[in-house]
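Structural characterization, general
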Amino acid sequence: ATSVANRRRAELEPLIGFLVNTLAIRHRVRADLTFRDAAVAVGDTITAAFERAEVPFEHVLERLEVPRDGARPPLCQVLFVLQNVPDAGALALPGLTVTPLAQEQSLARYDLSLRIAERRDDAHLGLHLEYSTELFARATVERLLEDYAALLEQVCADPDRRFGEIALPHAVSSPAAPERA
């Protein structure tokens, strides 16, 4: 899943309010595809999903008759968000300075949530990973991040490398392994 601002129409841009919607996205990456080919295929899947971004997530859940369970997120367990607008930092108004506070959150809304954001102060990206401590140990999440970093390094160095050829430090290989979702 990913979150969208839902302000694609010009008349919605100046509105005050929370118009964010959750998009459920499903895509299989085949081991025989190169990163370059997979990026095109994933882009097509995401474009198709964004064409339906105005359909409220709640309506999707109702239509699919997804049972609600307060202990688990419905339909999607993983959230990926690319925040492509740099953090504005402190807001200065006449006679008033507003500074954003770090949010303390003790409950993960999804089993695994990855947020990537452009940083205002440099040309780097910031990464924030949130996870359910009932499902994942800290060491497991650290290994997952190491594998993610290795994946990014390898596909950036050689975008024509096939996914099945990528070596991840903590991956368990199996000749009969199914396609990764």
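1. Digging into the overall build of the protein chain
Across its full length, the protein chain carries three helices and seven strands. Secondary structure of the protein chain in N-to-C order comes out as β-β-α-α-β-β-β-β-β-α. Here the protein chain holds 181 residues, and 20% of them are scored as buried.

2. Looking at the sheet that holds strand β7 (residues 125–131)
With mixed pairing, the three strands of this open sheet are ordered in space as β3-β6-β7. This sheet does not close on itself; its edge strands, each paired only once, are β3 (78–83) and β7. This sheet shows a mean twist of 10° between the axes of neighbouring strands, independent of strand direction. Looking at chain direction, strand β6 (residues 112–118) and β7 are connected through seven bridges and run antiparallel. Its bridge partner lying in β7, Leu112 is registered against Tyr131. Contacting β3, β6 and β7, helix α3 (residues 138–157) runs over the sheet at an angle of about 145° to β7.

3. Points about the environment of Arg72
With respect to the element layout, Arg72 can be found in the loop between α2 (57–64) and β3. Remark: the alpha-carbon pair of Arg72 and Ala108, spanning 36 residues in sequence, is separated by 10.0 Å. In this structure Arg72 touches Gln77 and Asp111, once residues within four positions along its chain are discounted. Only 3.3 Å separates the side chain of Arg72 from the side chain of Asp111, close enough to count as a polar contact.

Definitions and limits used
- Residues numbered from 1 in each chain as written.
- Predicted model: local features only at pLDDT ≥ 70, side-chain atom pairs only at ≥ 80, totals over all residues.
- Heavy atoms only, no water.
- Helix = DSSP H or I, 4+ residues; strand = E, 2+ residues; numbered from the N terminus.
- Buried < 20%, exposed > 50% of the residue type's maximum accessible area, 1.4 Å probe, protein only.
- Pairing = 2+ DSSP bridges.
- Axes fitted to C-alpha atoms, helices over the stretch in contact; angles between N-to-C directions.
- Contact = heavy atoms within 4.5 Å.
- Polar contact = N/O pair within 3.5 Å; in protein donor to acceptor, adjacent residues only side chain to side chain.

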